[in-house]
Amino acid sequence: MKRISVTIEQLEKNVYGRTKYNNGALELCWSLSGFEFSFVADRVELHFVSDFSLESDGYLKEQPCYVKVVIDGKYESKYSIKTGAEVIMIENLENTAHTLRLYKLSESNCPIKAASVVLEGNDDTVVLPAPQKPELRFEFFGDSITCGYGDIASSNVGAFYTYQEDATKTYAYMTAKAFDADIRVVAISGQGIISNCHGEPGYRIPEFFEHEMRIGHEPHDFASWVPHVVVVNAGTNDMGGRVPDDVFKAGTDKFVDRIREVYPDTHIFWVFGMMGNRYDAVLASLFKEKGKVDSKLHYVPIQKIYDFKDECGANGHPNVKGQTRAADILIEAIRAAL
């Protein structure tokens, strides 16, 4: 029996999402962040750093984080992380070439720290070169809709549970998959352009747009990964926080200008309306005006989920059906623009 152990930092792999290394471990903070590698083995172990902390307050209180492991693009398993001491084991594989990808499915302020990989098999066991990464790059910024809050819950659930949040069931994931694009998601539930859902400043989307991680607030290097498409899905929480139309418009205008500053040639799509359409006219007017001098700005209104049957998940959020409808609309808009 051959056994190979390699740290995540040393592993030949593709990394997805805004991440950083901490003492050799890869910190996974954002939804759909993760890594992918190829190997020959009949057994694989994924080890983490045992310092993951459950949230002490807020809607994440005492809830584990969830990850999804996909083998060869088709075999999927979901795992909970409560302490980081957990070991994910995939056994009884054929001792042939495989590709494994790990996705972070649910939100957490404390990052998961992927530490090492252990492979077991016969004499052919080996780490292979990393798979070819998609050339097209999509980056999504937003709130709970983009995170997948309650997307696999029933409509009678009135609270947030991390096991009912699956970022691979969102319009963002579906859209990127339709284009075979590398995806980054930078989103936090409850946050907005001016206000969070409680009418407070919170951790505004234009603020965490600038940051590498959800905590720590290290500045992001925008030159390190330049998307072909940026999608912003925002305004729902400003609406809940009763932000006046003119204030929201000014904040959106400033944020779009900042995105254009750091991504001069990127197509920018603003999606809005899935949970209410108060700012629809504001956004349509703003993007029409700005579009006169910037042909790569696009506003994509989405009819609210409450107008359709069976599109609600937890706490009035879109379920997979609602997410799929939004994805179909956005996919069509992007295809028309690219």
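The structure under discussion appears in the preceding block.
Residues numbered from 1 in each chain as written. Predicted model: local features only at pLDDT ≥ 70, side-chain atom pairs only at ≥ 80, totals over all residues. Heavy atoms only, no water.

## Looking at the overall build of the protein
Here's step 1: Along the backbone of the protein there are seven helices and 17 strands.
Here's step 2: For 338 residues, the compact-globule estimate of 2.2 N^0.38 gives 20 Å, and the protein sits close to it at 20 Å.
Here's step 3: Counting only C-alpha atoms, the protein reaches 65 × 40 × 40 Å along its principal axes.
Here's step 4: A buried classification covers 57% of the 338 residues belonging to the protein. (Helix = DSSP H or I, 4+ residues; strand = E, 2+ residues; numbered from the N terminus. Rg over C-alpha atoms; globule rule 2.2 N^0.38 Å. Buried < 20%, exposed > 50% of the residue type's maximum accessible area, 1.4 Å probe, protein only.)

## Some words on unusual backbone geometry
Here's step 1: In the Ramachandran plot, N92 falls in the positive-phi region, its phi being about 60° despite a non-glycine side chain.
Here's step 2: Looking at the element boundaries, N92 is found in the loop between β9 (87-90) and β10 (97-104).

## So, the nonpolar core
Here's step 1: F138, F140, Y171, V231 and L330 are the most contacted members of the largest nonpolar core, which has 34 residues in total.
Here's step 2: For this core, the secondary structure elements donating two or more residues are β7 (65-71), β13 (137-142), α1 (144-147), α2 (171-178), β14 (182-187), β15 (229-233), β16 (267-272) and α7 (320-337).
Here's step 3: In this structure, I188, I205, F248 and F272 belong to the second largest nonpolar core, which totals 32 residues. (Core = buried A, V, L, I, M, F, W, Y, C linked by side-chain atoms within 4.5 Å.)

## Describing the sheet that holds β14
Here's step 1: An order of β14-β13-β15-β16-β17 is seen for the five strands of this open sheet, with the pairing classed as parallel. Edge positions in the sheet fall to β14 and β17 (297-301), since each has one partner strand and no second. Neighbouring strand axes in the sheet, compared pairwise and without regard to direction, differ in orientation by 20° on average.
Here's step 2: One ladder, built from six bridges, connects β13 with β14; its direction is parallel. Along β14, the bridge assignment pairs G142 with A187.
Here's step 3: Packing against the sheet, α2 makes contact with β13, β14 and β15, and its axis sits at approximately 170° to β13.
Here's step 4: Here helix α5 (residues 245-262) sits on the sheet and contacts β15, β16 and β17; the angle it forms with β16, its principal contact strand, is near 150°. (Pairing = 2+ DSSP bridges. Axes fitted to C-alpha atoms, helices over the stretch in contact; angles between N-to-C directions. Contact = heavy atoms within 4.5 Å.)

## Re the packing of α2 against α7
In a packed pair of helices, the relevant descriptors are the angle between the two axes and the axis-to-axis distance.
Here's step 1: Following both chains from N to C, one finds α2 and α7 inclined at 40°, their axes separated by 8 Å at the closest point. Classified by the angle between their axes, α2 and α7 sit oblique to one another. The interaxial crossing formed by α2 with α7 has right-handed handedness. Where α2 abuts α7, its residues Y171, M174, T175 and A178 lie against V320, Q323, T324, A326, A327, L330, I331, I334 and R335. (Parallel < 35°, antiparallel > 145°, perpendicular 65-115°, else oblique. Left-handed = near helix turned anticlockwise from the far one by under 90°.)

## Re the pairing of strand β11 (residues 112-121)
Here's step 1: Counting buried positions along β11 yields 10 of 10 residues, so the element is predominantly enclosed.
Here's step 2: Taken together, the six bridges between strand β1 (residues 2-7) and β11 define a ladder with antiparallel strand orientation. Across the sheet, the residue bridging to S5 is V118, located in β11.
Here's step 3: Strand direction decides the pairing type here: strand β6 (residues 43-48) and β11, joined by six bridges, are antiparallel. Note on β11: the bridge partner recorded for L46 is V117.

## A short note on the environment of G121
Here's step 1: Structurally, the position occupied by G121 is in strand β11.
Here's step 2: Between the C-alpha atoms of G121 and A187, which are 66 residues apart in sequence, the distance is 39 Å.
Here's step 3: Not counting chain neighbours up to four residues away, the residues in contact with G121 comprise M1, K2, D42 and N95.

## A word on the side chain of T146
Here's step 1: The topology assignment puts T146 in helix α1.
Here's step 2: Not counting residues up to four positions away in its chain, the partners in contact with T146 are F140, F141, T170, Y171, A172, V185, A187 and N233.

## Here's the deal with α7
Here's step 1: For α7, spanning 18 residues, the distance from its first C-alpha to its last is 25 Å, which sits close to the expected 26 Å at 1.5 Å a residue.
Here's step 2: Taken as a whole, α7 has its buried residues at G322, Q323, R325, A326, A327, L330, I331 and I334.
Here's step 3: Where α7 is buried, its residues touch β13, α1, α2, β15, β16 and β17.
Here's step 4: At the N-terminal end of α7, a side-chain oxygen is found 3.0 Å from the backbone nitrogen of K321, two or three residues along, and the residue is N319. (Expected span 1.5 Å × (residues − 1). Polar contact = N/O pair within 3.5 Å; in protein donor to acceptor, adjacent residues only side chain to side chain.)

## Looking at the packing of aromatic side chains
Here's step 1: According to the stated counting rule, one finds 20 aromatic pairs in the structure shown.
Here's step 2: Between F248 and Y279, the aromatic rings sit 4.0 Å apart at their centres with planes inclined by 15°, giving stacked as the arrangement. Of this pair, F248 sits in helix α5 while Y279 sits in the loop between β16 and α6 (280-290); the two residues are 31 residues apart in sequence, bridging distant segments of the chain. We note that F248, like Y279, is buried.
Here's step 3: Here the aromatic cluster, defined as three or more aromatic residues joined through ring pairs, consists of F141, F209, F222, F255, Y263, W270, F287 and Y299.
Here's step 4: Its guanidinium or amino end placed over the ring of Y66, K78 lies 5.2 Å from that ring's centre, counting from NZ or CZ.
Here's step 5: We note R101 situated over the ring of Y16; from NZ or CZ to the ring centre the distance is 3.5 Å. (Phe/Tyr/Trp six-rings, centres within 6.5 Å; stacked < 30°, edge-to-face > 60°. Lys NZ or Arg CZ within 6 Å of the ring centre and 35° of its normal.)

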